[in-house]
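The primary structure of each chain is shown beneath.
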Amino acid sequence: MTRKLHINLFINSRGHHEASWRHPDASPLPLTDIQYYHDLAQRAEEGLFDSIFLADQLAARDDVERAARTWLEPITVLGALAMSTTRIGLIATASTTYTEPYNLARQFASLDHISGGRVGWNIVTSWSVPAARNYGDDAQVSHADRYARAEDFLQVAKGLWDSWADDAVVDDRGSGQYGRIDRIRPIDHDGAYYKVAGPLNLPRGPQGRPVLVQAGSSDTGRNFAARHAEAVFTAQMEKTMAQKFYTDLKARVVKEGRAENQVHILPGLSPVIGSTEAEAQRLAQELNDLSDPEVGRARLSSRFGGVDFSHLPLDKPLSPEDFPDPETVQAARSRTEMIVGVVRREKPTLRQLLSKLAGARGHFTLAGAPEQVADLIEDWFTDGASDGVNLMPPLLPNMLDVFVDEVVPLLQKRGLFRTEYEGETLREQYGLDRPDAGFA
Ligand SMILES: Cc1cc2nc3c(=O)[nH]c(=O)nc-3n(C[C@H](O)[C@H](O)[C@H](O)COP(=O)(O)O)c2cc1C
């Protein structure tokens, strides 16, 4: 079978551009209106996307006065979208640092049943410092400790999803037998962080386990992804960097004894699409003109775990010494490495750096006509940089509409993207094996 692209829609505010929420073409709906998420998911389903994805942070943003960054709790949203869509995969973010594995395994198993096997879990360890304060910690849990806890969490969650055999339920009214006790087992997990007896209190979902998604790009994050992830989101600002990441991660996957094609690498892409390149550039400029550098400055500080950048002038070229060594950062480490890399290579002013990050926070941005966007996607896909794209429209819903109407048909014509849904479950859309529960 020829290799096909996978496309995920990453839903964020009224678009991924920091100023999208203020743009006259952005959706008029409140960010707390489920209709907004429903309309986007349905549009992505019309475009035959593999999945939609909802990110999550476990703290209110301190820039709420000037940035529209509120959202509904993702697992709850998936429950609603599971009922209002039929084919598209639904991926929600949940934290291994600030949830209990038994609760989360139940929620995802329930959603898998509700959606007919269409859910995925974006596993995060929660890098935001304010999140720690909402869960009884004064200081943030260290990077290493967060990943160690995540490892233990995953063992429990997988054990629970596998604690019922697929044929554990008989539900025979005549004989009076509901379950087969020999097909349901405890997990008796006694790890460094969690002690969980099991089994789960509900039968195995259609996919066995939800599709596991991960987005950590540090060395530890990549090893974690190589062991567990089936789709990987990543922020890459250049194709050569994306190729390096792709080759490195696939090698780690093989080293873990897994098949390369069981892990899809989906770099973020935030395209401003116009009927011509000039029109796209004009729209990109409109969005940039609406940006507030002080919102960007606060966001940069949060990326580095709260470092104060207020003394840096906006219009003087930056140097790497203006930033802490990313190795010492306990927050989103790989993103800070990427930012310091841009500063080292391009020596931008703070204003220029913030404008670069305003588009999509360090993901690849592009302003062009539909053909240019399709060319880029094809080039990355065929030249060892991606297995598809994590689409991050800068402005919602209209940049999603343009992508579905103009770019998807080009990708289909080139034989790169499906022309109809072939499978029922998210695993089937992504071409992923269904995990065996390990009963004899
Ligand atoms: C596309 C994408 C989406 C992400 N979504 C979330 C999220 O919703 N919540 C979160 O806490 N972190 C999120 N992250 C951050 C990652 O989970 C991870 O913490 C970050 O990339 C740093 O990982 P590292 O410390 O291994 O470098 C996301 C990252 C990417 C690339």
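Just so we're clear, the structure is a prediction, and the values are computed from it rather than from any experiment.

Colleague: I would appreciate a short explanation of the overall build of the protein in the present structure.
Modeller: Counting its secondary structure elements, the protein contains 14 helices and 13 strands. Counting the 440 residues in the protein, one finds 47% classified as buried. For the protein, restricting intrachain contacts to residue pairs at least 6 apart in sequence, the fraction spanning at least 24 positions comes to 78%.

Colleague: Explain helix α7 (residues 239-255) here, please?
Modeller: For the α-helix, the turn length of 3.6 residues means that residues three or four positions removed from each other point alike. A rise of 1.5 Å per residue sets the reference length of α7, with its 17 residues, at 24 Å; its end C-alpha atoms lie 24 Å apart and thus fit the reference within 8%. All of the buried residues in α7 are A242, F245, Y246, L249 and V253. Angularly, the buried residues of α7 cover 100° about the axis, an arc narrow enough to put them on a single face. Along α7, the residues that are exposed and aim more than 90 degrees away from the buried face are T240 and K255. Tucked into the core, α7 has its buried residues touching α6 (219-228), β10 (231-234), β11 (264-273) and α12 (370-382). Remark: G257 follows α7 within two positions and exhibits a positive phi of approximately 80°.

Colleague: Honestly, the nonpolar core in this entry has me stumped. Any pointers?
Modeller: Within soluble globular proteins, side chains that are nonpolar generally end up buried alongside one another. By size, the foremost hydrophobic cluster in this structure holds 113 residues, and its most contacted members are L9, L40, I52 and V232. When residues of this core are assigned to their parent elements, the largest contribution, eight residues, is made by helix α13 (residues 398-413). Beyond its immediate sequence surroundings of up to four residues, L9 is in contact with L40, A44, F49, I52, F53, L391 and L400.

Colleague: How should I be thinking about the site of the ligand in this particular structure?
Modeller: If you check the shell around the ligand, you find 22 residues, and the closest are A55, G216, S218, G221 and S334. The set of elements that each furnish at least two residues to the shell around the ligand consists of β10 and α10 (333-346). Looking at the shell around the ligand, the element that brings in the most residues is α10, giving three residues.

Colleague: For this particular structure, what's the right way to read unusual backbone geometry?
Modeller: Of all residues except glycine, most have a negative phi; of all peptide bonds, most are trans. For the bond running from G198 to P199, omega is -5°, close enough to zero to count as cis. Note on placement: P199 falls in the loop between β8 (195-196) and β9 (211-214). A positive phi angle, near 65°, is found at S126, a position not held by glycine. Within the fold, S126 resides in the loop between β4 (119-124) and α4 (129-133). Phi at D188 is positive, roughly 45°, even though this residue is not glycine. The residue D188 is located in the loop between β6 (177-179) and β7 (189-190) in this model.

Colleague: Just to check I follow, could you spell out the pairing of strand β13 (residues 388-391) for this structure?
Modeller: Along any regular strand, the residues point their side chains to alternate faces of the sheet. In terms of strand pairing, strand β1 (residues 6-11) meets β13 through four bridges, oriented parallel. Residue pairing for β13: I7 is matched across the bridge by V389. Sheet analysis places β11 next to β13, joined by two bridges and oriented parallel. Opposite L269, over in β13, you have L391 as the bridge partner.

Colleague: For this particular structure, what's the right way to read the packing of α12 against α13?
Modeller: For any two helices packed against each other, the geometry comes down to the angle between their axes and how far apart the axes lie. Packing of α12 against α13 leaves a shortest axis separation of 9 Å and a crossing angle of 50°. Between α12 and α13, the angle is such that the two are oblique. Here the hand of the crossing between α12 and α13 comes out right-handed. Counting all contacts with α12, which are made through P370, E371, V373, A374 and I377, the residues of α13 involved are E406, V407, L410 and L411. A per-class count over the contact of α12 with α13 returns seven nonpolar, no polar and two charged.

Colleague: How should helix α11 (residues 350-360) be read in this particular structure?
Modeller: Among the residues of α11, those classed as buried are L350, L353, L354, L357, A358, G359 and A360. Structurally, α11 contributes buried residues whose contacts are with β11, α8 (277-289), α9 (293-303), α10 and β12 (364-368). Of the residues trailing α11, R361 is marked for its positive phi of about 55°.

Colleague: Explanation requested: the environment of G359 in the structure shown.
Modeller: You can see G359 is positioned in helix α11. A residue is classified by how many C-beta atoms lie within 10 Å of it, and G359, with 26 of them, is buried. Along the chain, G359 and Y147 lie 212 residues apart, while their C-alpha atoms are 29 Å from each other. Beyond its immediate stretch of four places on either side in the chain, G359 contacts H17, S270, T365 and P394.

Colleague: Where do I start with the environment of S218 in this structure?
Modeller: In this structure, S218 sits in the loop between β9 and α6. When the 19 C-beta atoms within 10 Å are taken as the criterion, S218 is described as partly exposed. The sequence separation of S218 and V156 amounts to 62 residues, and the corresponding C-alpha distance is 23 Å.

Colleague: What should I look at first to understand the pairing of β10 in this one?
Modeller: With burial as the criterion, each face of β10 is covered, one bearing A231 and F233 and the other bearing V232 and T234. Direction of pairing for β9 relative to β10: parallel, over a ladder of two bridges. Residue pairing across strands places V213 opposite A231, the latter belonging to β10. Where the polypeptide runs from β9 across α6 and back to β10, its parallel neighbour, the crossover connection is right-handed.

Colleague: Before we go on, may I ask you to explain the environment of D166 in this structure?
Modeller: Structurally, D166 can be placed in the loop between α5 (143-161) and β5 (169-172). Using a count of 15 C-beta atoms within 10 Å as the deciding quantity, one classes D166 as partly exposed. Counting along the chain gives 148 residues from D166 to E18, while the straight-line C-alpha distance between them is 45 Å.

Rules behind the numbers
- Residues numbered from 1 in each chain as written.
- Predicted model: local features only at pLDDT ≥ 70, side-chain atom pairs only at ≥ 80, totals over all residues.
- Helix = DSSP H or I, 4+ residues; strand = E, 2+ residues; numbered from the N terminus.
- Buried ≥ 20, exposed ≤ 12 C-beta atoms within 10 Å, placed from the backbone.
- Contact = placed C-beta atoms within 7 Å.
- Expected span 1.5 Å × (residues − 1).
- Arc of directions from axis to C-beta.
- Core = buried A, V, L, I, M, F, W, Y, C linked by C-beta atoms within 7 Å.
- Near = placed C-beta within 6 Å.
- Pairing = 2+ DSSP bridges.
- Axes fitted to C-alpha atoms, helices over the stretch in contact; angles between N-to-C directions.
- Parallel < 35°, antiparallel > 145°, perpendicular 65-115°, else oblique.
- Left-handed = near helix turned anticlockwise from the far one by under 90°.
- Nonpolar A, V, L, I, M, F, W, Y, C, P; charged D, E, K, R; others polar.
- Right-handed = clockwise from strand over helix to strand, strands pointing away.

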